[in-house]
2 protein chains.
Amino acid sequence: MQFTKAEEYGIFGVMYLATQPKGKVTPLSEISENQHVPEKFLAKIFQSLCRSGLVRSHRGVKGGFTLGKTSDKITVKEVIESIQGPYYISKCLMEPPAGQSPAMLSLRKFLERAQGSLLKVFSSHTIKDLTDWQD
Amino acid sequence: MQFTKAEEYGIFGVMYLATQPKGKVTPLSEISENQHVPEKFLAKIFQSLCRSGLVRSHRGVKGGFTLGKTSDKITVKEVIESIQGPYYISKCLMEPPAGQSPAMLSLRKFLERAQGSLLKVFSSHTIKDLTDWQD
DNA sequence: AGCCCATGCAATTCACAAAAGCCGAAGAAT
DNA sequence: ATTCTTCGGCTTTTGTGAATTGCATGGGCT
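A.B. asks: Could you clarify how one ought to interpret the overall build of chain A in this entry?
C.D. replies: When helices and strands are tallied, chain A shows 6 helices and 2 strands. Secondary structure of chain A in N-to-C order comes out as α-α-α-β-β-α-α-α. In terms of overall dimensions, chain A has C-alpha extents of about 60 × 30 × 25 Å along its principal axes. Within chain A, the fraction of its 135 residues that count as buried is 50%. Nonlocal contacts in chain A, meaning residues at least 24 apart in sequence, comprise 61% of its contacts between residues at least 6 apart. About 6,700 Å² of surface is accessible on chain A, with carbon and sulfur atoms providing 52% of the total. Separation of charge centres in chain A, based on 18 positive and 13 negative side chains, amounts to 6 Å.

A.B. asks: Is there a simple way to think about the protein's contact with DNA strand D in this case?
C.D. replies: In the neighbourhood of DNA strand D, 24 residues make up the surrounding shell, with A:L28, A:K40, B:T4, B:K40 and B:G60 lying closest. What you see for DNA strand D is that sugar and phosphate hold 60% of its atoms within 4 Å of the protein. With respect to DNA strand D, the side chain of A:R51 contributes an N or O atom lying 3.3 Å from a phosphate oxygen. Between DNA strand D and B:Y9 there is a distance of 3.3 Å, counted from a phosphate oxygen to a side-chain nitrogen or oxygen. Of all the secondary structure elements, the ones that give two or more residues to the surface near DNA strand D are α3 (39-51), β1 (55-58) and β2 (64-67) of chain A together with α1 (5-18) and α3 (39-51) of chain B. Residues that form the surface near DNA strand D fall into these classes: 9 nonpolar, 8 polar and 7 charged.

A.B. asks: How should the packing of helix α1 (residues 5-18) of chain A against α3(A) be read in this particular structure?
C.D. replies: Helix-helix packing is characterised by the crossing angle of the two axes and by the distance between the axes. Residue and element names in this part refer to chain A. Here α1 crosses α3 at 75°, and the two axes come no closer than 10 Å. Here α1 is positioned roughly perpendicular relative to α3, judged by the angle of their axes. For the pair formed by α1 and α3, the contact residues are K5, A6, Y9, G10, G13, V14 and L17 on the first element and F41, L42, I45, F46 and L49 on the second. In terms of residue class, the contact of α1 with α3 is built from 9 nonpolar, 2 polar and 1 charged.

A.B. asks: Honestly, the protein's contact with DNA strand C in this entry has me stumped. Any pointers?
C.D. replies: Around DNA strand C sit 24 residues, and of these A:K40, A:R59, B:L28, B:K40 and B:S57 come closest. Close to the protein, within 4 Å, the atoms of DNA strand C belong to sugar or phosphate groups at a rate of 69%. A:K40 is positioned such that a nitrogen or oxygen atom in its side chain is 2.7 Å from a base nitrogen of DNA strand C. Only α1 and α3 of chain A together with α3, β1 (55-58) and β2 (64-67) of chain B provide two or more residues apiece to the surface near DNA strand C. Of the residues contributing to the surface near DNA strand C, the split by class is 9 nonpolar, 8 polar and 7 charged.

The rules behind these values
Residues numbered from 1 in each chain as written. Chains lettered and ligands numbered in written order. Predicted model: local features only at pLDDT ≥ 70, side-chain atom pairs only at ≥ 80, totals over all residues. Heavy atoms only, no water. Helix = DSSP H or I, 4+ residues; strand = E, 2+ residues; numbered from the N terminus. Buried < 20%, exposed > 50% of the residue type's maximum accessible area, 1.4 Å probe, protein only. Contact = heavy atoms within 4.5 Å. Areas by Shrake-Rupley, 256 points an atom, 1.4 Å probe, with all protein chains shown as cover. Lys, Arg positive; Asp, Glu negative; His and termini not counted. Charge placed at Lys NZ, Arg CZ, Asp CG, Glu CD. Near = heavy atom within 4 Å. Polar contact = N/O pair within 3.5 Å; in protein donor to acceptor, adjacent residues only side chain to side chain. Nonpolar A, V, L, I, M, F, W, Y, C, P; charged D, E, K, R; others polar. Axes fitted to C-alpha atoms, helices over the stretch in contact; angles between N-to-C directions. Parallel < 35°, antiparallel > 145°, perpendicular 65-115°, else oblique.

Note that every value here comes from positions in space, so none of it alone points to a role or purpose.
Following this line, the structure appears as C-alpha cells:
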C-alpha cells in the first residue's frame, strides 16, 4: 500500500541484474552482497518477481537469476506491483466505493486523480532509465 | 509518510467546517458525529490544524472550531502537511542523499520525480474543490 | 462557582513491515 | 548415486508506527 523496503530492494536487485553481462546467471548471494540487502529478504522478493516473469530462476550449482526481459522493457510499475500487488496511494481506495459517505466519495475522487498521476510516472520509467542515471 | 486515517479524518473535518454557515462555531462532538470519526482522535488532529492556522479554536461553553481561512484558500497539501509534516512518498527520501549507494541515488532521482507529480496534485486542489464534488 | 469544551500528554492496542530460520526441492558436478 | 549448491516456500520473530483511548489541565461562558 506504500513504497517500502521490499520495493526498494526489489528495484535494486533488478537494476543489478540489468548491469550484469548478458546471459550471466547471478546468485542471490552476489546481489545481496553488492547492494547491501538481507539475502533472505531478497529471496522472498525475487520469488514474486519470478512468478510474474520479470526474472527467471535457475536452481542448483551455478544457479541464480537472470532477467526475464530486457531492462528497457521492465517498467518500475511492473516491479512494484509484482512485489506488493496493485499500488494504492491510500487504504481507502482498496475498498469498493459502494455505500460510503458523501465526503468519502469526494475524497476518493481526489485520491484517484492523485494516484493516477503517480502511476503514470511509475509506468513511464523503466529499469534501464534508472541504470542509465547511475553513471 | 503516507496517506493514513489521520489525514483522511482531518480532511473530513475541514470539509465539514467548510459546509457550515459562515461564522458558526462547531464543536468536535458535532463533527465527530456527522463524519463518523472517533472524537478523541479528531481532537488530536485538530490540534495540529490549529497550530498551523488552518482552523481556529474557541474554548469554553459554546466553543469549538471555525475555519482559519476560506475553504478555497486551503489546499489539500496544507491539510496533509499540517497533520503529518512534510509528505514523503517513501522513507528513503527523508534521509539526506549524502554517502548513499549509486543505485539509491538513482532511485531517489526517480522517486523525487514521482513525488513531485503527486504534490502537484495535492497543492492544486482545495477543500472547496472537494466540497463542490460532494453535490 | 459550575459547566462545557479544547489542550496536552500518557498509555494501549493493533496491524503490518522487516527480517531471520528451517526444511524441502531441484539441478549440476563428481 | 551422492553430494553440494542454490532456489522455494512456510513459519516465526522482532520492530515500528498507526489508531485509538484515558485522564488530568486550563480557559471561557453564564
